[in-house]
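Spelled out from the first residue to the last, the chains are:
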Amino acid sequence: MLRYQTVPVTPFQQNCSIVWCDATKKAAIIDPGGDLDRLLAAIDRLGVTLEQIWLTHAHIDHAGGTGELARKRALPIVGPHPGDQFWIDGLAQQSRMFGFPPAEPFVPTRWLADGDTVSIGEETLSVRHCPGHTPGHVVFHSASAQRAFVGDVLFAGSIGRTDFPQGNHQQLIDSITQRLWPMGDETVFIPGHGPESSFGRERRSNPYVAGT
């Protein structure tokens, strides 16, 4: 069984998720944007072994702590899609712009593409490339757990911003309707900010994508 715990980090209250295989206690961390001491303390309390870093995209509040965490724990960095290379290259500038601690540079160990999979212990999640908020944004989906970790593609009652460099509103809508909705109305998603919701609820009531 896939299990997870979400820990809001950074002044932007970004939902960093610790995900693990219940059978093996092997874990990955999705979007360690900062506050690494809090995240590592949470991992210790859970009694799991952190083995990988997974990134949905490379905005500072999602990726700012990645380089330091990878260096300190000798962890591979998995994701995002290569479309976000320019955001990774600009992390130092992003940290200055938004008043974050300096972000250490990093190179992903493995880039991700649509249709890839990632595994932790006995659990495998599918990867969907969902551009629009950023060109290289990816989503992690566990069909068995009916959970999706969607970063800033979709929120409870809203959608991701598309006014950043290389953002694209129509691309984002297409990502939601063509790549998230087929995961099923019952699927619960963990967004990059704010509370969880389900795809079915958002299809019914989200003003940006209702009725799609």
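Residues numbered from 1 in each chain as written. Predicted model: local features only at pLDDT ≥ 70, side-chain atom pairs only at ≥ 80, totals over all residues. Heavy atoms only, no water.

A. Quick look at the sheet that holds strand β7 (residues 123–129). Pairing is mixed across the open sheet formed by six strands, whose spatial order is β6-β7-β8-β9-β12-β13. Strands at the two margins of the open sheet, each flanked by one partner only, are β6 (117–120) and β13 (197–198). (Pairing = 2+ DSSP bridges. Helix = DSSP H or I, 4+ residues; strand = E, 2+ residues; numbered from the N terminus.)

B. A look at the nonpolar core. Residues Ile18, Ile29, Ile53 and Leu69 are the most contacted members of the largest nonpolar core, which totals 29 residues. Listed by contribution, the elements that provide at least two residues to this core are β1 (2–9), β2 (14–21), β3 (26–30), α1 (36–46), β4 (49–54), α2 (60–63), α3 (66–73) and α4 (85–89). The dominant element in this core, judged by the number of residues it contributes, is α1, at five residues. Leaving out residues up to four positions away in the same chain, Leu69 has contacts with Ile29, Pro32, Leu36, Leu40, Leu50, Ile53, Ala74 and Leu75. Among the nonpolar cores identified, the runner-up in size contains 16 residues, and Leu172, Ile173, Leu180 and Trp181 belong to it. (Core = buried A, V, L, I, M, F, W, Y, C linked by side-chain atoms within 4.5 Å. Buried < 20%, exposed > 50% of the residue type's maximum accessible area, 1.4 Å probe, protein only. Contact = heavy atoms within 4.5 Å.)

C. How the structure looks around the pattern of salt bridges. Following the criterion strictly, the structure yields nine salt bridges and no others. Ionic pairing is found between Arg128 and Asp114, a salt bridge with its closest N-O pair at 2.7 Å. With Arg128 in strand β7 and Asp114 in the loop between α5 (91–98) and β6, this pair connects stretches of sequence that are 14 residues apart. Arg128 sits in the partly exposed class, given a relative accessible area of 26%. (Salt bridge = Lys/Arg side-chain N within 4 Å of Asp/Glu carboxyl O.)

D. Seen up close, the packing of aromatic side chains. Here the structure, examined in full by the defined rule, presents eight aromatic pairs. For the pair Phe12 and Phe98, a centre-to-centre distance of 5.7 Å together with 85° between the ring planes defines the contact as edge-to-face. Residue Phe12 is located in the loop between β1 and β2, and its partner Phe98 is located in helix α5; the two are separated by 86 residues in the primary sequence. Classification of Phe98 by relative accessible area gives partly exposed; the value is 38%. Measuring from ring centre to ring centre gives 5.3 Å for Phe189 and Phe199, while their planes differ by 10°; the resulting arrangement is stacked. Here Phe199 lies in helix α7 (residues 199–205) and Phe189 lies in strand β12 (residues 188–191), a separation of 10 residues in the sequence. Just as Phe189 is buried, Phe199 falls in that class too. Among the aromatic residues, ring-to-ring pairing joins Phe12, Phe98 and Phe100 into one connected group. (Phe/Tyr/Trp six-rings, centres within 6.5 Å; stacked < 30°, edge-to-face > 60°.)

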